[in-house]
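Results of the structural survey
Letter by letter, the chains look like this.
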Amino acid sequence: MIDRVDIANTGNNLILLENCYNVTIAGVSGMVSGGGEVRIAARTEFPPSSNITLQNMTVANTGIR
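What you see is a predicted model; the values in this text were computed from it and never measured. (Residues numbered from 1 in each chain as written. Predicted model: local features only at pLDDT ≥ 70, side-chain atom pairs only at ≥ 80, totals over all residues. Heavy atoms only, no water.)

1. Quick look at the environment of Thr-10
For Thr-10, the position within the fold is in the loop between strand 1 (2-8) and strand 2 (13-18). With a relative accessible area of 45%, Thr-10 lands in the partly exposed category. Along the chain, Thr-10 and Gly-35 lie 25 residues apart, while their C-alpha atoms are 6.7 Å from each other. (Helix = DSSP H or I, 4+ residues; strand = E, 2+ residues; numbered from the N terminus. Buried < 20%, exposed > 50% of the residue type's maximum accessible area, 1.4 Å probe, protein only.)

Set out below in structure tokens:
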């Protein structure tokens, strides 16, 4: 679990979760903004991501994919 995040203007992926399992992002609070995107992905040679929670987080000026 990651309790707090403050991520801005990273350029590409603000958050990339790839082939992750049982993950919580911003369990307490968070802000993600500017450029890039929040992305959940999976490589085909591994089982897909599962049980991912994004909570208590503001997402501004970015995409979620």
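2. Section: the confidence of the model for the chain
When pLDDT is averaged along the chain, the result is 92; 100% of the residues meet or exceed 70. Taking the mean pLDDT of every element in the chain, the minimum, 86, falls on strand 7 (residues 63-64) and the maximum, 95, on strand 3 (residues 21-33). (pLDDT = per-residue confidence, 0-100.)

3. Structural notes on the sheet that holds strand 7
Sheet architecture is open: 3 strands sit in the order 2-4-7, paired in parallel fashion. Two strands in the sheet have a free side with no partner beyond their single neighbour: strand 2 and strand 7. (Pairing = 2+ DSSP bridges.)

4. Details of the nonpolar core
Judged by nonpolar contacts, Val-5, Ile-7, Leu-14, Ile-15, Leu-17, Cys-20, Val-23, Ile-25, Ala-26, Val-32, Val-38 and Met-57 together constitute the single largest core of 12 residues. Secondary structure elements with two or more residues in this core: strand 1, strand 2 and strand 3. For this core, the element with the most residues is strand 3, which contributes 4 residues. Setting aside chain neighbours within four positions, we find Leu-14 in contact with Ile-7, Ala-8, Asn-9, Val-32, Ser-33, Gly-34, Gly-35, Gly-36, Glu-37 and Thr-62. (Core = buried A, V, L, I, M, F, W, Y, C linked by side-chain atoms within 4.5 Å. Contact = heavy atoms within 4.5 Å.)

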